[in-house]
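Spelled out, the chains give:
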Amino acid sequence: MEAILTYQEFFYLTAGFLVIAISANQIARVFQKVNLPLITGLIVTGVIAGPYILGLIPKQSASSLTYINEMALAFIAFAAGAELYLRELRSRFNSIKWNTFGQLFVTFVLGALAVYLFADEIPYMAGTSTSVSVSIAFITAAIFVARSPASAIAIINELRAKGPFVQTVMGVTVLKDFLVIIIFSICVSVAQTLIGGQAFDSLSLVFLVGELVFSFLIGFFLFGNLLKLSLKLKIKRRFKSAIVVLVGYGAYVFSNQLADYSSGWEHTIFLEPLLMCILASFYVTNYTQYRPEFLKIIEETGMTIYVAFFTLTGASLDISVLGSVIGVAVILFIIRLITMIIGAYVGGYLAKDPPNHMHLGWMPYITQAGVALGLATMVSNTFPTWGSAFATVIVAVIIMNQFIGPPLFKWAIYKLGEDRSRGTAYEWDGIRDAILVGFEPTSLALARQLVTKGWDVQLATCKPKGSFDEPSDLSIKYIEQFNRETFDGLNAEKTEAVVLMLSDEENIEIAELFYHEYGTRDIIVRLNHRQNAQQFVSLGALVIDPSTAMVSLLDHFVRSPQATSLLLGMEPGQDSRDIELLNPDLHGIPLRDLRLPADIIILSIIRGGQTIISHGYTRLRIKDTVTVVGSNKSLEDVQLKFDR
């Protein structure tokens, strides 16, 4: 009966936490509105729900929810390892190498030296022997180096960030956490010798190296192949995602079971699960054909994992200690910050990075979370004399890093222009608006055709006034700069579509402006050079390549001339149109129950960026974009019916 009660308590505790995590996900959205990262909102919500404020997550429940933390850390290691795609990082390898050197070696050495010099100001170091002070200084410096891949990946995903700076950050972050575990293990083993807690001889060094080697081999070959087999399964992706998470959790179970089994031996064997998961992900990413499927699972599952992890992290932070250790924590925080800034300049200089990368290169590495907390806990358990006080101060430093780090990293991405987050979408004002940028015969013909379809069209040009004959039937706008002020004057916030017909360099500048600032629904780009296509695709733009468009059009005419003529509006009196559903009265109604003109055919529905092949039982949702074909009069009737 007691076992059943234990299972019931476990179930209730897990269910209660999931409810809090779901709520945290909604509450955290408020933080995004004031330009703070989502993870900051999750951590704050976790702190509020934790044992020191509302008590919704009891303090004693932390050990019962450890499995959630381990699943999340394993998945985060998978996501971090997936970023180490050698083909893509090859161009940034020099920068990654030297910035890792700066953030790892320079921060570690200067951090250890500074902590040792400030030993008299740190209560648990004051009055200790030189050997103890040196040991604590090196262990502290090792934890200084630890970064939070989870927060980095969460912010990068939130902003859809992409570019050389972000690539370098991810490479350095993964390598740092990969190497810091090795450095920390060595520091702890050496500290046990210096402090006298445990003998450290050549045999201990062999065991330490052996554990690292076996972690490499088991992670790469065993768990790498388990991941590969999981991705190979012919099942729905959501079930496959669950199996991937369980494979990662299996690394922790395997490590813990092996440690328990060997606890009675002369040397307890501990294999590092984070290393195993990173290497398993690295294997799948670089040496199997399942990288696209793996990345898709990480993308789709990531947000759920991050919500659970950062909410639990916030709830686990012992904020009651802040008052008593805030002075020491501030000293260590400043030491870490200064050494990281020096490390960023040293690494950036050696890598010959651009000056703006060097100036901001320390900001992405401030945040700490699961790895640093885990290392602090290990110190507390290994050195009971001073370990508890040490862990308390380190937790306080981590709390400060958690709140200060994410906003700075987000700001750095914005400052360097590598964010790909979409601006707030426009609200339709009842008029179909379009801006065509570039004055030429093609844009003139397109503008006139849109006007005949009922659109309000503005044709913007960089050409000086008087350099061409201005058409009397179109609105011509003369612009000199591609900035927000210019396009605000064109009411760009109300524009549904923008068509760009300038050079690729000018087009990408305008496309990014409309994407970030206005959230414009449709950005259409006429491509000049095919190698630039990916830059526009990453912004969700619709790209027309003149070199292939004609061939594709002729191909469709050959294979399906009737359908192609219909979709291009070449059939007399007939046309196709994408219509957005704005009428709340039609929300939830199946297509078969709609009263539409007899000649109307619904081809598909776009919902949340996904195309749905519709049938009679498909239910409409507000903001659906419905592609319909029919006579011009019937299309106008459907447009009127779907509008507010």
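Since the structure is predicted, the reported quantities are computational estimates derived from the model, not experimental observations. (Residues numbered from 1 in each chain as written. Predicted model: local features only at pLDDT ≥ 70, side-chain atom pairs only at ≥ 80, totals over all residues. Heavy atoms only, no water.)

(A) Local environment of the packing of helix H10 (residues 237-261) against helix H12 (residues 291-316). Orientation of H10 relative to H12, taken along the N-to-C sense of each, is 80°, at an axis distance of 10 Å. The pairing of H10 with H12 is recorded here as roughly perpendicular in orientation. Facing H10, whose interface residues are Arg 237, Lys 240, Ser 241, Val 244 and Val 245, H12 presents Glu 293, Phe 294, Lys 296, Ile 297, Glu 300, Thr 301 and Ile 305. (Axes fitted to C-alpha atoms, helices over the stretch in contact; angles between N-to-C directions. Helix = DSSP H or I, 4+ residues; strand = E, 2+ residues; numbered from the N terminus. Parallel < 35°, antiparallel > 145°, perpendicular 65-115°, else oblique. Contact = heavy atoms within 4.5 Å.)

(B) Geometry of the environment of Ala 242. Within the element layout of this structure, Ala 242 appears in helix H10. A sequence separation of 55 residues divides Ala 242 from Ile 297, and the C-alpha atoms of the two residues are 9.5 Å apart.

(C) Region of interest: the side chain of Asp 504. Turning to its location among the elements, Asp 504 is positioned in helix H19 (residues 504-518). Salt bridges are absent for the buried Asp 504, whose nearest opposite-charge side chain, Arg 526, sits at 7.8 Å. Contacts of Asp 504, omitting those with residues within four sequence positions, involve Arg 526, Leu 527, Asn 528, His 529, Asn 532 and Phe 536. (Buried < 20%, exposed > 50% of the residue type's maximum accessible area, 1.4 Å probe, protein only. Lys, Arg positive; Asp, Glu negative; His and termini not counted. Salt bridge = Lys/Arg side-chain N within 4 Å of Asp/Glu carboxyl O.)

(D) Up close: the environment of Phe 514. Tracing the sequence through the fold places Phe 514 in helix H19. You can call Phe 514 buried: its relative accessible area is 0%. Every residue in contact with Phe 514, bar those within four places of it in the chain, is listed here: Ile 435, Phe 487, Ala 492, Val 498, Gly 519, Thr 520 and Ile 523.

(E) Region of interest: the sheet that holds strand E5 (residues 522-526). What the six strands build is an open sheet, ordered E3-E2-E1-E4-E5-E6; its pairing is parallel. On the outer flanks of this sheet lie strand E3 (475-478) and strand E6 (542-544), each paired with one strand and no other. In this sheet, neighbouring strand axes are inclined to one another by 20° on average, regardless of whether the strands run parallel or antiparallel. Where strand E2 (residues 456-461) lies against E3, four bridges are found, and the strand directions are parallel. Paired with Gln 458 across the bridge in E3 is Ser 475. Lying over the sheet, H19 contacts strand E1 (433-437), strand E4 (497-500) and E5, oriented at roughly 180° with respect to E5. (Pairing = 2+ DSSP bridges.)

(F) Molecular detail of the packing of aromatic side chains. The final tally for this structure, using the stated rule, is 15 aromatic pairs. Pairing Phe 220 with Tyr 283 gives two aromatic rings, centres 5.1 Å apart and planes at 70°, and the pair type is edge-to-face. Residue Phe 220 is found in helix H9 (residues 202-232), and its partner Tyr 283 is found in helix H11 (residues 273-287); the two are separated by 63 residues along the sequence. As far as burial versus exposure is concerned, Phe 220 and Tyr 283 are alike and both buried. Put simply, the rings of Phe 220, Phe 221, Phe 282, Tyr 283 and Tyr 287 touch in pairs and so form one group of aromatic residues. (Phe/Tyr/Trp six-rings, centres within 6.5 Å; stacked < 30°, edge-to-face > 60°.)

(G) How the structure looks around the sheet that holds strand E8 (residues 601-607). An order of E7-E10-E8-E9 is seen for the four strands of this open sheet, with the pairing classed as antiparallel. Only two strands of the sheet have a single partner each, and these edge strands are strand E7 (574-580) and strand E9 (610-612). Across the sheet, the mean angle separating the axes of adjacent strands is 25° when strand polarity is ignored. Two strands pair when backbone bridges link them, and E8 and E9 are joined in this way by three bridges, in the antiparallel orientation.

(H) The arrangement of a nonpolar patch on the surface in detail. Together, Phe 101, Phe 105, Val 109, Tyr 349 and Leu 350 give the surface a local cluster of nonpolar side chains, amounting to about 480 Å² of exposed area. Element by element, the count of residues in the nonpolar patch is highest for helix H5 (residues 93-117), at three residues. Examined against the element boundaries, Phe 101 turns out to sit in helix H5. Judged by its relative accessible area of 32%, Phe 101 is partly exposed. (Patch = residues over 30% accessible without salt bridge, like charges linked within 9 Å, V, L, I, M, F, W, Y side chains within 5 Å. Areas by Shrake-Rupley, 256 points an atom, 1.4 Å probe, with all protein chains shown as cover.)

(I) The pairing of E5, seen in detail. Looking at chain direction, E4 and E5 are connected through four bridges and run parallel. Note that in E5 the partner of Ala 497 across the bridge is Asp 522. Read as a crossover between parallel neighbours, the route from E4 over H19 to E5 is right-handed. Looking at chain direction, E5 and E6 are connected through three bridges and run parallel. Looking at E6, one finds that Arg 526 is bridged to Ile 544. (Right-handed = clockwise from strand over helix to strand, strands pointing away.)

(J) Fine view of the nonpolar core. With 128 residues, the main nonpolar core has Tyr 124, Ile 139, Ile 143, Phe 294, Leu 332, Trp 386 and Phe 390 as its most contacted residues. Ignoring any residue separated from it by four or fewer positions in sequence, one finds Trp 386 in contact with Tyr 124, Val 132, Ile 136, Ile 139, Ile 195 and Val 379. The next biggest cluster of nonpolar side chains, apart from the first, holds 25 residues, and it includes Val 498, Leu 500, Leu 502 and Tyr 518. (Core = buried A, V, L, I, M, F, W, Y, C linked by side-chain atoms within 4.5 Å.)

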